[in-house]
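Chain residues, written in single-letter form:
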Amino acid sequence: MKTKWTSFDTRWTLSLFGTAVGAGILFLPIKAGVGGFLPVMVMSIIIFPMVYLSHKALSLFVYQANGNDKDITYAAEEYFGRKISVFISILYFFAIFPICLAYCVGISNTFESFIYNQFLSLLDSGNSLALFIENIYNVSINEQGKNVATLLPFYRALLVFVLVSAFMLVMLFSEELITKICEVLVYPLCAVLFIFSLYLIPYWNAKSFWTFPDFKEFIIIVWLTLPVLVFSFNHSPAISTFSLSVKKEYGEDFAKSRQILFRTSVILLFFVMFFVVSCTLALEPLEFADARAQNIPVLSYFANKLDNPLIAFGAPLVAFLAITTSFFGHYFGAREGAYGIVRKCCKLSGNENPNLKHIKMICNFVMYVIMLLVGYYNPSILGFIENLGGPIIAAILFLMPIIAIYSVSKLKKFQNKALDLFVFFTGVLTIITVIYNL
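Remember, it's a predicted structure, so these values are computed and weren't measured experimentally. Counting of residues starts from 1 at the beginning of each chain's written sequence and follows it residue by residue. The predicted nature of this model means local features are confined to residues of pLDDT at least 70 and side-chain atom pairs, given and counted, to a pLDDT of 80 or more, with totals for whole chains, interfaces and linings taken over all residues. Only hydrogens and water are set aside when side-chain values are computed; all heavy atoms of the structure are taken into account.

Peer 1: Please clarify how the environment of T73 should be interpreted in this entry.
Peer 2: In this description a helix means any DSSP run of H or I spanning at least four residues, a strand means any run of E spanning at least two, and both kinds are numbered starting from the N terminus. Looking at the element boundaries, T73 is found in helix α4 (residues 72-80). Distance from T73 to P227, taken between C-alpha atoms, is 23 Å for residues 154 residues apart in sequence. Contact criterion: two residues are considered in contact whenever any of their non-hydrogen atoms come within 4.5 Å of each other. In this structure T73 touches S85, S89 and K344, once residues within four positions along its chain are discounted.

What follows is the structure, given as structure tokens:
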């Protein structure tokens, strides 16, 4: 039975909210806005039950495991056995690590755009530094007749090396310290994004309210946006810790978890979709396509578009901080996932006591090299989210808990066929977007 609302509940609501709101929100408008206002409204309607019901099912998955200290990996092993739990661990790793790769691309492109479009404007035209910057960029004209500047290959490689290496150096500090700094930063970032959403209101184009795609295009736009929506609202990385914490605080009753998750989903719906709506009404569909082609966050695009010095310099800074805080959170998860996969594989092969120091060293080095290569080659950030991050998160968040509820005897009492079918069906829809994109 639910007790009265406490400061404990408020802290967890804010923590789950902060986990979800990260760099994903900076790319969601680029994907969602191409169809105009109406598809975004439909997305707002369907995403709330998707987010709330799926996270509630995952929380239940952890909550019903034996003991008060067994996280999601132990719960998976208890329900499905060690071999399947290794597969789930691999799946979880590939839901997180590709997002780290996308963020390496995103931070590099944010800096690349900022140096040419904002920093260069501060320098005198005859300045030697200004001349140097102009010489290391290749400038082309896109379909909208705008200049698009990209670094020459050597300087692109140098920029990526500096930024990714800086990220990895920060990881040498205490994980607790980095996490606390990120937690402190996330709420001012949320406030800035909300203020920016309000700031865009005078730029809203009334025509956007009455611009509708045809029915087939409308359905395809909503469907193909599902992976990015799932990613942008995802707070599953914190669900395991949240569920154990609530279980210790309130005991076996699951009602309090449902209450906290419901309120978190309501706040997320208002915050994220208001930002998306505001961006959608302030830009034309062709501009969203241009932002995607440039592979930059929507804030960087507005910085280059709006004639406002505060936005021009402040928006890239906010994008940089949002991507940075999200990167650290995801890298911790990816790193621990990689360690766990290697350890479990060693044990399955008969080595019960693998060298943990060697495992950590090799995993971090391999991940570092991959991030450098991907950052340099500059693949589509939305492509990562659409084809890897979003669908794999959907498999863990939407399918795994529902399968457990119908296959594990202790979970069967929580079945609700209509709602479970909705969660499972929307999860499958999210996953099969990969086939369409091929």
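Here the narrative resumes, following the displayed structure.
Peer 1: Got a minute to help me understand the packing of helix α2 (residues 24-32) against helix α16 (residues 381-407) in this structure?
Peer 2: The relative placement of two packed helices is expressed as an angle between their axes plus a distance between the axes. Whenever a helix is involved, its axis is fitted only over the stretch in contact; in every case the axis is a line through C-alpha atoms, and angles between N-to-C directions fall within 0 to 180 degrees. The contact between α2 and α16 brings their axes to 10 Å, and the two run at 85°. In this view, α2 runs roughly perpendicular relative to α16, as classed from their interaxial angle. Contacts from F27, I30 and K31 of α2 reach α16 at I381, L382 and E386. Of the residues that constitute the contact of α2 with α16, the class distribution is four nonpolar, no polar and two charged. Should an angle fall under 35 degrees it is taken as roughly parallel, and over 145 as roughly antiparallel, whereas 65 to 115 is taken as roughly perpendicular and any remaining angle as oblique. Each residue gets one of three labels, nonpolar for Ala, Val, Leu, Ile, Met, Phe, Trp, Tyr, Cys and Pro, charged for Asp, Glu, Lys and Arg, and polar for the others, Gly among them.

Peer 1: Help me out: how do you make sense of the pattern of salt bridges in this one?
Peer 2: Side chains bearing opposite charge may pair, as long as their charged atoms lie close to each other. A pair is scored as a salt bridge if a Lys or Arg side-chain nitrogen falls within 4 Å of a carboxyl oxygen belonging to Asp or Glu. Under the defined criterion, the tally for this structure stands at six salt bridges. Put simply, E386 and K31 hold a salt bridge, and the shortest N to O gap is 3.0 Å. Of this pair, E386 sits in helix α16 while K31 sits in helix α2, and the two are 355 residues apart along the sequence. You'll find E386 and K31 in the same group, each marked buried. One connected set of salt bridges, linked through shared partners, spans K31, R292 and E386. A 1.4 Å probe rolled over the protein chains alone gives each residue an accessible area, and that area as a share of the maximum for its type sets the label: buried under 20%, exposed over 50%, partly exposed in between.

Peer 1: What exactly am I supposed to notice about a nonpolar patch on the surface here?
Peer 2: On the surface, M361, I362, F365, V366 and I370 cluster together into a nonpolar patch covering about 480 Å² of accessible area. Looking at the element boundaries, I362 is found in helix α15 (residues 356-377). With a relative accessible area of 54%, I362 lands in the exposed category. Like-charged residues are merged into a patch within 9 Å and nonpolar side chains (Val, Leu, Ile, Met, Phe, Trp, Tyr) within 5 Å, provided each residue has over 30% relative accessible area and no salt bridge. In this description, accessible areas are obtained by the Shrake-Rupley approach with a 1.4 Å probe, and a residue is regarded as covered only by the protein chains that are shown.

Peer 1: What is the right way to read the packing of aromatic side chains from this model?
Peer 2: What describes a pair of aromatic rings is the distance from one ring centre to the other and the angle between the planes of the rings. Each Phe, Tyr or Trp ring (for Trp, its six-membered ring) is paired with any other whose centre lies within 6.5 Å, and the angle between the two planes then decides the class: stacked below 30 degrees, edge-to-face above 60, tilted in between. Counting across every chain of the model gives 30 aromatic pairs. Measuring from ring centre to ring centre gives 6.3 Å for F48 and Y52, while their planes differ by 10°; the resulting arrangement is stacked. Here F48 pairs with Y52, and both are found in helix α3 (residues 37-63), just four residues apart, close to one helical turn. Taking relative accessible area as the criterion, F48 reaches 19% and is therefore assigned buried. Ring centres of Y376 and Y377 lie 5.1 Å apart, and the angle between their planes is 75°; on these two criteria the pair is classed as edge-to-face. Members of the aromatic cluster, joined through ring pairs, are F196, Y199, Y203, F275 and F302. Lysine and arginine charges are scored as sitting over a ring when NZ or CZ, respectively, is within 6 Å of the ring centre and within 35 degrees of the ring normal. The ring of W5 has R263 lying over it, and the distance from NZ or CZ to the ring centre is 4.0 Å.

Peer 1: Would you mind showing me how to read the side chain of R156 here?
Peer 2: Within the element layout of this structure, R156 appears in helix α7 (residues 153-170). Apart from the residues lying within four places of it in its own chain, the contact partners of R156 are V105, S108, N109, E112, L151, G375, Y376 and N378.

Peer 1: Would you mind going over α15 with me for this structure?
Peer 2: For an α-helix, the turn length of 3.6 residues means that residues three or four places apart are oriented alike. Here the expected span of a helix is defined as 1.5 Å times the quantity of residues minus one. Helix length check: α15, at 22 residues, gives a terminal C-alpha distance of 32 Å against a target of 32 Å (1.5 Å per residue), a fit within 8%. Considering only its buried residues, α15 is in contact with α5 (82-119), α7, α14 (309-348) and α16. Downstream of α15 by one or two residues, N378 has phi in the positive range, about 60°.

Peer 1: Explain the environment of L421 here, please?
Peer 2: Mapped onto the secondary structure, L421 falls in helix α17 (residues 417-431). Judged by relative accessible area, L421 falls into the exposed class, the value being 56%. C-alpha separation for the pair L421 and G67, spaced 354 residues apart in sequence, amounts to 29 Å.

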